Amino acid sequence: MGPIDNRKHIVVHAMPIAWGHNKPLCAFAVQILENQPEAIVTYFTTSNTYPKIIAEFKRLEPTKYAALEPRLNIINIAGPVVDPFQPLDGFEPNFAALYSSSSVTCLSTDRTISGLPRPTLAIIDPFAGYAFECIRRIAGRSVSILAWWTSNAGSLLRLFGPGHLGGVAEPSLETAEGRSAIKKKILAKEQIKWHDCIGNVVDIAGISPSYDYEWFPQKTAMTDIAAVAEKGGSIYVREADGVICVSTRAFEPEAAAVAKEWFSSMGKTWHTVGPLSIPVPGVETSKSSQTTDQTDVLVEAFLNRMQREFGDQSLLYMSFGTVFWPEEDDRVWAVIDGLLEKRQPFLFSHPSPFLRFPDEVKKKIDASGIAMELSWSPQEMILTHPVTGWFLTHGGWNSVQEAFTHRVPMIFWPFHADQPYSAMRLLALKAGFELIEVRTGPIGARIPYKCKELPAFTPASAKAEIMGLIEKLKAQEGFIVRQNFEAVADAVCKAWDTPNGESRKDTKAMLKEFL
């Protein structure tokens, strides 16, 4: 009789095109491996995301990475992904191979792994429904599945929750038959019922009331696609054995408590594990960086010059993330005109493939001497630099986490998805600002719940709003918001920074229960 294999095997997978879903999953994999010495993590991904994941893990200190690497298998199971909502054909045969302890080969390196123990836990993005279906077909209930929710509890309640909790999920989702019927509609590419935007009041725990249309302040090219994605997510958070939420009770105690109670009522677990990021040694504490990348060198030189000329916390960093961009973008150029007119130093990062950047705006920025624009920028390097004082952001959760980590308060310009909740929650805590006049479209440009009069919603009013806000940032109101934000960030980051932090405890409890 051979020795007993006590190793625990965990499979993880996030939506390949969504780096904001994968980046924190890398950090969580590190926590699993450090907390469970007998654990093995196999990370399924695709060729376009594979090098980013490798680079993210290599942010670890070399000795730590070398210690964890033997128990970490990063496997490219497919080529580049064009349609994110089509199943990855490679997932099923590769998971089946792992489940039978057969060999699996990474398509990026030709490295083959074999002889691993059968997986007993899978951590899967609820937007990757094909992965849920494959695991259940192959392993039944012998492999537990935890839904990987890379945002906060409040947005999950709104996007996936039942009506009595402020959500938009129809009652049919609460039964297996109802979910099966909706799956068939998605596969048949039938029209999916989504949010109502008719002026109903939305009440989510921990934020002020809002109108339903305020959850869509901008029309984007992603809006229609998001309907299908969110409906799939609504299905699979209910079919998982529990949820891992990349947030903290320190940030949203009310919403987290409601979400935990809801999942408990379904016989499922709820774990908060945020914030998650692999720190770069030296950067997270010293607020300095060393780099040889040409773009990084140019950015750092610009930041250093702004610091010399304007002082610490004088620069505004502006970014809407990797994908998001408003279809009516004249407000963007109006805001930039306002920043230039106020002589407010700023760095504008605009990687979205939906953007067409006007040459005349580029020329104004280049000639200003106080601004820089890039199609991609090293966000964490910018946020760690002492010159960076404010972050004008869409409010994607990855950006919010990084702002917490580096203590940079935010000005919100949300589009849809989880972003409106992030803005509403920080405003409820008096720990952030939001631009209102930038809202657009027949849905977005309607009176907000908190306003007594309809805003103008024009480029001119957006320009005036940002110019007025710049004055607030420099005055007492800006000082108070910064203080409040730093207090929230300190509380959030203690979730991992202390031995009894809530995220550290929740992770250990989750591993004990499922491994």
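Refer to the structure presented above.
The model shown is predicted, which means the values in this text are computed figures rather than measured ones.

J.: Tell me about the pattern of salt bridges, and please be specific about residues and values.
T.: One pass over the full model with this rule turns up 27 salt bridges. Between E56 and R59 there is a salt bridge whose closest N-O contact spans 3.5 Å. Across this residue pair, the class does not change: E56 and R59 are buried. Ionic pairing is found between R59 and E380, a salt bridge with its closest N-O pair at 2.9 Å. Taken as a pair, R59 in the loop between α2 (50-57) and α3 (62-68) and E380 in helix α14 (residues 379-384) lie far apart in primary sequence, 321 residues in all.

J.: Help me get a handle on unusual backbone geometry, residues and values and all.
T.: The general pattern is negative phi for most residues beyond glycine and trans for most peptide bonds. Cis peptide bonds are those with omega within 30 degrees of zero, and the linkage from G274 to P275 qualifies with -10°. Its place among the elements puts P275 in the loop between β11 (269-272) and α10 (283-286). Not every positive phi belongs to a glycine, and S101 is a case in point at roughly 60°. Within the fold, S101 resides in the loop between α4 (91-99) and β4 (104-105). Accessibility expressed as a relative area gives 33% for S101, which makes it partly exposed.

J.: Describe the sheet that holds β11, listing the residues and the values that go with them.
T.: Across the sheet, seven strands lie side by side as β3-β2-β1-β6-β7-β10-β11; this open sheet has parallel pairing. Looking at strand neighbours, the two that pair on one side only are β3 (72-76) and β11, the edges of this open sheet. Mean inter-strand twist for the sheet, computed between neighbouring axes without regard to direction, equals 20°. Here five bridges tie strand β1 (residues 8-13) to strand β2 (residues 39-45), and the two strands are oriented parallel to one another.

J.: A description of the state of the cysteines should follow, citing residues and the corresponding values.
T.: Across all of its chains, the model carries zero disulfides by this definition. There is no disulfide at C106, and the cysteine sulfur nearest it, in C26, is 14 Å away. Given a relative accessible area of 1%, C106 falls into the buried group. Counting only cysteine sulfurs, C197 is the nearest neighbor of C451, a cysteine outside any disulfide, at a range of 17 Å.

J.: Explain the pairing of strand β14 (residues 371-374) to me, and be specific about the residues and the numbers.
T.: Of the two faces of β14, the one lined by A371 and E373 and the one lined by M372 and L374 are each fully buried. Of the crossover connections in this fold, the one passing from strand β13 (residues 346-349) over helix α13 (residues 359-368) to the parallel β14 is right-handed.

J.: Tell me about the pairing of β1, residues and numbers included.
T.: Among the six residues that make up β1, five are buried, leaving the element largely enclosed by the rest of the structure. Following the chain from β1 across helix α1 (residues 19-35) to the adjacent parallel β2, one finds a crossover that is right-handed. Here β1 runs beside strand β6 (residues 121-124); their pairing, made up of four bridges, is parallel. Considered in β6, the bridge of H13 is made with I124.

J.: Can you lay out the sheet that holds strand β16 (residues 410-412) for me, pointing to particular residues and giving the numbers?
T.: As summarised here, the arrangement of the six strands in space is β14-β13-β12-β15-β16-β17, forming an open sheet in which the pairing is parallel. Each edge of the open sheet carries a strand with a single partner, namely β14 and β17 (433-434). For β13 and β14, the ladder comprises four bridges, and the chain directions are parallel. Bridge pairing links L347 to M372 in β14. Across the face of the sheet, helix α12 (residues 330-341) comes into contact with β12 (315-319), β13, β14 and β15 (388-393) while running at roughly 160° to β13.

J.: Can you tell me about the environment of I336, naming the residues and giving the values?
T.: Checked against the element boundaries, I336 lands in helix α12. Contacts of I336, omitting those with residues within four sequence positions, involve F346, F348, V361 and I365.

J.: Help me get a handle on the side chain of R482, residues and values and all.
T.: Mapped onto the elements of the fold, R482 is located in helix α19 (residues 476-497). Within the buried set, R482 has no salt-bridge partner at all; the shortest N-O distance to an opposite charge, 4.6 Å, is to E486.

J.: Run through the packing of aromatic side chains, naming residues and quoting values.
T.: Taken as a whole and assessed by the stated rule, the structure comprises 28 aromatic pairs. Where F320 meets F415, the ring centres are 5.2 Å apart and the plane angle is 65°; that geometry is what we call edge-to-face. Of this pair, F320 sits in the loop between β12 and α12 while F415 is found in the loop between β16 and α16 (419-428), placing the two residues 95 residues apart along the sequence. Taken individually, F320 and F415 each receive the classification buried, so the pair is uniform in this respect. Joined through ring pairs, the aromatic side chains of F320, F324, W325, W333, F348, F357, W413 and F415 make up one cluster. The ring of Y99 has R118 lying over it, and the distance from NZ or CZ to the ring centre is 3.8 Å.

Basis of the calculations
Residues numbered from 1 in each chain as written. Predicted model: local features only at pLDDT ≥ 70, side-chain atom pairs only at ≥ 80, totals over all residues. Heavy atoms only, no water. Salt bridge = Lys/Arg side-chain N within 4 Å of Asp/Glu carboxyl O. Buried < 20%, exposed > 50% of the residue type's maximum accessible area, 1.4 Å probe, protein only. Helix = DSSP H or I, 4+ residues; strand = E, 2+ residues; numbered from the N terminus. Pairing = 2+ DSSP bridges. Axes fitted to C-alpha atoms, helices over the stretch in contact; angles between N-to-C directions. Disulfide = S-S within 2.5 Å. Right-handed = clockwise from strand over helix to strand, strands pointing away. Contact = heavy atoms within 4.5 Å. Lys, Arg positive; Asp, Glu negative; His and termini not counted. Phe/Tyr/Trp six-rings, centres within 6.5 Å; stacked < 30°, edge-to-face > 60°. Lys NZ or Arg CZ within 6 Å of the ring centre and 35° of its normal.

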